[in-house]
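Survey of secondary and tertiary structure
If you want the building blocks of each chain, they are given just below.
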Amino acid sequence: MGVQGGLVGEIIKHFEQKGFRLVAMKFIQASADLLKEHYIDLQDCQFFAGLVKYMHSGAVVAMVWEGLNVVRTGQVMLGETNPADSKPGTIHGDFCIQVGRNIVHGSDSVESAEKETDWLVVSP
């Protein structure tokens, strides 16, 4: 994960240099229940239990970014889920070596982003 690898600043730098604006961030130890809900679309995959266990094993930094086409552009910046398929210059391509040990998750749609971060963004 990005926290254990000391890469949070590097990940933030990538998004800021692209011109995106960080609007929410929270450093947490995610509960197993939160992780199960966050990855609910993967619950039928054989790696689901291992993913939840891995993500629960250490702290995470949850972030919300704003900007033009941030979800689509963010996916390109992250690279392929499998680091072996990711191009150099992407976060997965530069910092990951094992598919089950990716250091960052990015929403695949605006709707997913809203659902995945509703607990993080609290309106005044």
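Presented here is an overview of the structure given in this document. All figures in this text were calculated on a predicted structure; none of them were measured in a lab. (Residues numbered from 1 in each chain as written. Predicted model: local features only at pLDDT ≥ 70, side-chain atom pairs only at ≥ 80, totals over all residues. Heavy atoms only, no water.)

1. Some points on the pairing of strand β2 (residues 60–66)
Two faces belong to every sheet, and in a regular strand the side chains alternate between them. With five of seven residues buried, β2 is to be regarded as a mostly interior element. The sheet contact formed by strand β1 (residues 21–28) and β2 spans seven bridges and is antiparallel. Residue pairing in the sheet places Leu22 in a bridge with Trp65 of β2. (Buried < 20%, exposed > 50% of the residue type's maximum accessible area, 1.4 Å probe, protein only. Helix = DSSP H or I, 4+ residues; strand = E, 2+ residues; numbered from the N terminus. Pairing = 2+ DSSP bridges.)

2. Focus: the environment of Leu7
Here Leu7 lies in the segment before α1 (8–18). Judged by relative accessible area, which is 16%, Leu7 ranks as buried. Taking the C-alpha atoms as reference points, Leu7 and Ile103, 96 residues apart in sequence, are found 8.5 Å from one another. Ignoring any residue separated from it by four or fewer positions in sequence, one finds Leu7 in contact with Gly2, Phe95 and Ile103. (Contact = heavy atoms within 4.5 Å.)

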